[in-house]
Amino acid sequence: MHALSSADTLFNQRLQRAGACLPGLGVCTLLALLAWWLGDALPLIGAPILAMVLGLVVGNLIPLDASTQPGIDFSVRRLLQWAILVLGVFHPIGAAVLA
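What you see is a predicted model; the values in this text were computed from it and never measured. (Residues numbered from 1 in each chain as written. Predicted model: local features only at pLDDT ≥ 70, side-chain atom pairs only at ≥ 80, totals over all residues. Heavy atoms only, no water.)

Caption draft 1: View of the nonpolar core. Core analysis: the largest hydrophobic core is formed by five residues, namely Leu31, Ala35, Leu50, Leu54 and Val58. Taken together, the elements giving at least two residues each to this core come down to α1 (2-41) and α2 (47-61). Ranked by residue count, the leading element in this core is α2, at three residues. Discounting residues that sit within four places of it in the chain, Ala35 has contacts with Ala47, Leu50, Ala51 and Leu54. (Core = buried A, V, L, I, M, F, W, Y, C linked by side-chain atoms within 4.5 Å. Buried < 20%, exposed > 50% of the residue type's maximum accessible area, 1.4 Å probe, protein only. Helix = DSSP H or I, 4+ residues; strand = E, 2+ residues; numbered from the N terminus. Contact = heavy atoms within 4.5 Å.)

Right, dumping it as structure tokens:
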């Protein structure tokens, strides 16, 4: 019974951490969608550059609630690393297919 209690506690802790990330993930998702939309309108600049600029502007000029920080940290540390990894893996494959 002790193993079940330990696993249940671990699950609850992870669930609480995931819930704490939701506000910040929502802010990052909104900025990403806005950058994606603007990237279509301004293809010379592109969505990734616009997303970085929007993130810098929002992060420095607009005061965000402290509850958004865990999700923003997760986005910066984990999601950005995975996005760069996926881009690095699939970019050469896409270039080879288009060549």
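Caption draft 2: Broad picture of the environment of Ile72. Within the fold, Ile72 resides in helix α3 (residues 69-98). In sequence terms Ile72 and Gly24 are 48 residues apart; their C-alpha atoms lie 4.8 Å from each other. Residues contacting Ile72, with those up to four places away along its chain left out, are Gly24, Cys28 and Leu64.

Caption draft 3: Summary view of a nonpolar patch on the surface. A contiguous nonpolar surface patch, about 970 Å² in accessible area, is contributed by Leu42, Leu44, Ile45, Ile49, Met52, Val53, Val57, Leu61, Ile62 and Leu64. As for its position among the elements, Ile62 is in the loop between α2 and α3. Among the residues examined, Ile62 registers a relative accessible area of 44% and is labelled partly exposed. (Patch = residues over 30% accessible without salt bridge, like charges linked within 9 Å, V, L, I, M, F, W, Y side chains within 5 Å. Areas by Shrake-Rupley, 256 points an atom, 1.4 Å probe, with all protein chains shown as cover. Salt bridge = Lys/Arg side-chain N within 4 Å of Asp/Glu carboxyl O.)

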